[in-house]
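Coordinate inspection notes
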Amino acid sequence: MVDHIALLPVDNLTGDSTLDWIRDALPAMVLSQLTGIGNLVPIRAATSVEATSQGAHRVVHGYVERRGGALHFSFSVEDSGTHRMRTVAFDGDAIAVSSRLSKEIDPGARPFATTQLAAVEAWARHDFARAVELDPNFGPAWIAWVQSLMSVPGQAIELADRGLAQAGLRSPLERAELALVAARLHGDSAA
């Protein structure tokens, strides 16, 4: 059986608006760590209703708050059929928490594409140039940057080729996704 799991935005309860980037970035990080794992199909949804309409069997709700100066994340994994919830909580930065939550959902989860928190924050804020400057092997930043330039094909092609030239892209899945975008831009249907 295929297991669809929906990741909802993370509520920022810290009172610190400079952490608002976590809202959408953390679910995107977990999604990238779980994509292509066995019979698991991670999906993004804005609400529980949207998640259910997309066929989610489980829905992950979460929030971040400050406890003693540290970030504390709490997540509930809800079974859509029974509405039973399992709660997990982690302290740490977005990368550490993303990895722990991904492993909690499926032990086969991959590590996230970067270990540079500043690169993650730049990516989340759509400052893709800064993200890849901080970590040239950060596949999701390259992909998002190329996609943001699709209306300017020449620049998008050059950028896709630059991204693919990074020998250290951490995930074969991200390399394949970037190669697919590049092939489309080049009009290379065979690739």
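Everything in this summary refers to the structure shown in the same document. (Residues numbered from 1 in each chain as written. Predicted model: local features only at pLDDT ≥ 70, side-chain atom pairs only at ≥ 80, totals over all residues. Heavy atoms only, no water.)

This part covers the overall build of the protein. Within the protein one finds eight helices and five strands. For the protein, the spread of C-alpha atoms along the principal axes amounts to about 50 × 40 × 30 Å. Considering the protein as a whole, with its 191 residues, one finds that 46% of them fall into the buried category. Here the protein contributes 16 positively and 22 negatively charged side chains, and the mean placements of these two sets differ by 4 Å. (Helix = DSSP H or I, 4+ residues; strand = E, 2+ residues; numbered from the N terminus. Buried < 20%, exposed > 50% of the residue type's maximum accessible area, 1.4 Å probe, protein only. Lys, Arg positive; Asp, Glu negative; His and termini not counted. Charge placed at Lys NZ, Arg CZ, Asp CG, Glu CD.)

Moving on, we come to the packing of helix α7 (residues 153-164) against helix α8 (residues 172-186). Where α7 meets α8, the closest approach of the two axes is 9 Å, and the angle between their N-to-C directions is 145 degrees. At the point where α7 passes α8, the crossing takes the left-handed sense. For the pair formed by α7 and α8, the contact residues are Pro-153, Ala-156, Ile-157, Ala-160, Asp-161, Gly-163 and Leu-164 on the first element and Arg-175, Leu-178, Ala-179, Ala-182, Leu-185 and His-186 on the second. Residue classes in the contact of α7 with α8 are distributed as nine nonpolar, two polar and two charged. (Axes fitted to C-alpha atoms, helices over the stretch in contact; angles between N-to-C directions. Left-handed = near helix turned anticlockwise from the far one by under 90°. Contact = heavy atoms within 4.5 Å. Nonpolar A, V, L, I, M, F, W, Y, C, P; charged D, E, K, R; others polar.)

Three or four residues apart is the spacing at which side chains of an α-helix point the same way, because the helix has 3.6 residues per turn. For helix α4 (residues 117-124), the full list of buried residues reads Ala-119, Val-120, Ala-122 and Trp-123. Taken around the axis of α4, the buried residues stretch over an arc of 165 degrees, which confines them to a single face. Positive phi appears at His-126, one or two residues downstream of α4, with a value of about 70 degrees. (Arc of directions from axis to C-beta.)

Taken as a whole and judged by the stated rule, the model has six aromatic pairs. Taking 6.3 Å as the distance between ring centres and 10 degrees as the angle between the ring planes, the aromatic pair formed by Phe-73 and Phe-75 counts as stacked. Classification of Phe-73 by relative accessible area gives buried; the value is 0%. With relative accessibility at 2%, the residue Phe-75 sits in the buried group. Ring centres 6.5 Å apart and planes at 45 degrees place the aromatic pair Phe-75 and Phe-90 in the tilted group. Of this pair, Phe-75 sits in strand β4 (residues 70-79) while Phe-90 is found in strand β5 (residues 85-91), placing the two residues 15 residues apart along the sequence. In this structure Phe-90 comes out as buried when scored by relative accessible area, which is 7%. (Phe/Tyr/Trp six-rings, centres within 6.5 Å; stacked < 30°, edge-to-face > 60°.)

Time to look at the nonpolar core. Leu-26, Phe-75, Leu-101, Ile-105, Trp-123 and Phe-138 are the most contacted members of the largest nonpolar core, which has 52 residues in total. Sort the elements by how many residues they give to this core and helix α1 (residues 22-34) lands first, with seven residues. Ignoring anything within four residues of it in the chain, the contact list for Leu-26 reads Val-10, Phe-73, Phe-75, Ala-94, Val-97, Ser-98 and Leu-101. Among the nonpolar cores identified, the runner-up in size contains seven residues, and Ala-6, Leu-8, Ile-43 and Ala-45 belong to it. (Core = buried A, V, L, I, M, F, W, Y, C linked by side-chain atoms within 4.5 Å.)

This paragraph deals with the sheet that holds β5. Strand order in the open sheet made by the five strands is β2-β1-β3-β4-β5, with mixed pairing throughout. Edge positions in the sheet fall to β2 (40-44) and β5, since each has one partner strand and no second. If you compare each strand with its neighbour and ignore which way they point, the axes differ by 25 degrees on average. Sheet analysis places strand β3 (residues 58-67) next to β4, joined by ten bridges and oriented antiparallel. Its bridge partner being in β4, Val-60 is matched across the sheet by Val-77. Those strands touched by α1 are β1 (3-12), β2 and β4, and its axis lies near 155 degrees from that of β1. Packing of helix α3 (residues 94-105) onto the sheet brings it into contact with β1, β2, β3, β4 and β5, and relative to β5 it is tilted by some 150 degrees. (Pairing = 2+ DSSP bridges.)

Here we take up the pattern of salt bridges. The tally for this structure, following the rule as stated, stands at eight salt bridges. Across the pair Glu-65 and Arg-67 runs a salt bridge, and its minimum N-O distance is 2.8 Å. Using a relative accessible area of 46% as the deciding quantity, one classes Arg-67 as partly exposed. Between Glu-133 and Arg-130 there is a salt bridge, with its nearest N and O atoms 2.9 Å apart. Of this pair, Glu-133 and Arg-130 both sit in helix α5 (residues 128-134), three residues apart, which is roughly one turn of the helix. With a relative accessible area of 35%, Arg-130 lands in the partly exposed category. Within this structure, Arg-23, Asp-24 and Arg-44 form a network of salt bridges that share partners. (Salt bridge = Lys/Arg side-chain N within 4 Å of Asp/Glu carboxyl O.)

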